[in-house]
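# Structure assessment
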Amino acid sequence: KIATLERAESNKWFFKTGKGEYGEGDKFIGLTVPQTRTLVRVFNEISLSDTEKLLNSAIHEERLLALLLLVDKFEKAKNLKEREIIFNLYFKNIKYINNWDLVDTSAPRIVGAYIKEKYSLKTKSCSGVKFLNSLVSDKNKFTKNQKEKLWEKRIGIVSTLFLIVKSKKDEFASEVVLEVVKKNLTEKDNLNSHDLLQKASGWMLREYGKRISEKRLKEFLSQNFNLIKNKRTLLRYAIEKLPERERKEWLNKPI
């Protein structure tokens, strides 16, 4: 009732649903994100199984609604066991989390939140870091092909936002983003050059520099510049909050 054809056409263009584009073939009925969020309050009592059915929909806005409902259920869950059920359901249905808005809306608040609660995140060798690194590795952990792997990798990267925002500066959890971004950059499947993964990595590095340590961000960029130098989108996003003079220095740094 609240969908419009005009919004549907706009969404199809915005989310790149044309042939050969990353959202190829996705279907929209024409809702805005605020309208979809309003529906969460209307339907927040529906069962987890019905939420999963909604997530399996061919319609983008219905999948977004399902993920918003999962976030709501995750945050209202009474204990880790209940949250683990939602975490597992999330990855069981990962092939339906197949555009950047679906990932960004859900991954930090479900995957990042669960990892922070479940694991100690005190060293780079802990199970939580290994899990996030497995999402951005060449080998598919949950998905079946390279197109789906793009979104699995973005989930791994963007999930670290929760660890940046919800961790203290002296906690290793806030450093996990550096481990995950570097892991992604060292993989050989060339997906790390994809615009959407460069943007995700640069975004997380920018947030790290803004919220945790600008000095450590610049150290990371220097130490890994050979991996970053040809990924201009990542670099621009990462240095966006630095003073203009420093941004120019990084952008003009010899390749």
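Everything here concerns the structure above.
Keep in mind that what you see is a predicted model, and the values were worked out from it rather than measured.

Here is what the cut-offs are and how they apply
- Residues numbered from 1 in each chain as written.
- Predicted model: local features only at pLDDT ≥ 70, side-chain atom pairs only at ≥ 80, totals over all residues.
- Heavy atoms only, no water.
- Helix = DSSP H or I, 4+ residues; strand = E, 2+ residues; numbered from the N terminus.
- Expected span 1.5 Å × (residues − 1).
- Buried < 20%, exposed > 50% of the residue type's maximum accessible area, 1.4 Å probe, protein only.
- Contact = heavy atoms within 4.5 Å.
- Polar contact = N/O pair within 3.5 Å; in protein donor to acceptor, adjacent residues only side chain to side chain.
- Axes fitted to C-alpha atoms, helices over the stretch in contact; angles between N-to-C directions.
- Parallel < 35°, antiparallel > 145°, perpendicular 65-115°, else oblique.
- Left-handed = near helix turned anticlockwise from the far one by under 90°.
- Nonpolar A, V, L, I, M, F, W, Y, C, P; charged D, E, K, R; others polar.
- Core = buried A, V, L, I, M, F, W, Y, C linked by side-chain atoms within 4.5 Å.

### A closer look at helix H5 (residues 80-92)
Taking 1.5 Å of rise per residue, 13 residues should cover 18 Å, and H5 covers 18 Å from first to last C-alpha, within 8% of that figure. Taken together, the buried positions of H5 are occupied by Arg83, Ile86, Phe87, Leu89, Tyr90 and Phe91. For H5, the secondary structure elements touched by its buried residues are helix H3 (48-55), helix H4 (60-76), helix H6 (100-118), helix H7 (127-136) and helix H8 (146-158). Residue Asn79 occupies the N-cap position of H5, its side-chain oxygen lying 3.2 Å from the main-chain nitrogen of Lys81.

### A look at the packing of H3 against H4
Their axes nearest at 7 Å, the elements H3 and H4 cross at an angle of 150°. As judged from the angle between their axes, H3 and H4 are roughly antiparallel. Relative to H4, H3 is oriented so that their crossing is left-handed. Contact residues: Leu48, Thr51, Leu54 and Leu55 in H3; Glu62, Arg63, Leu65, Ala66, Leu67, Leu69, Leu70 and Lys73 in H4. Looking at side-chain class alone, the contact of H3 with H4 contains 8 nonpolar, 1 polar and 3 charged residues.

### Points about the packing of H5 against H6
Two elements in contact, H5 and H6, have axes whose closest approach is 10 Å; the angle formed by their N-to-C orientations is 135°. By the angle class used here, H5 and H6 are oblique. Read as a crossing pair, H5 and H6 show a hand that is left-handed. For the pair formed by H5 and H6, the contact residues are Leu80, Arg83, Glu84, Ile86, Phe87, Tyr90 and Phe91 on the first element and Val103, Ser106, Ala107, Ile110, Val111, Tyr114, Glu117 and Lys118 on the second.

### Here we look at the side chain of Ser159
Looking at the secondary structure, you find Ser159 in the loop between H8 and helix H9 (160-165). Polar side-chain contacts of Ser159 include one of 3.5 Å to the backbone oxygen of Ala107. Excluding residues within four positions of it along the chain, Ser159 makes contact with Ala107, Pro108, Val111, Gly112 and Leu132.

### Here's the deal with the nonpolar core
Within the largest apolar cluster, 69 residues are counted, with the highest numbers of intra-cluster contacts made by Tyr90, Phe91, Val111, Leu132, Ile155, Leu205 and Leu221. In terms of residues, this core owes the most to one element, H4, which gives 9 residues. When neighbours within four sequence positions are excluded, Leu221 is seen to be in contact with Leu205, Ile228, Ala238, Ile239 and Trp250.

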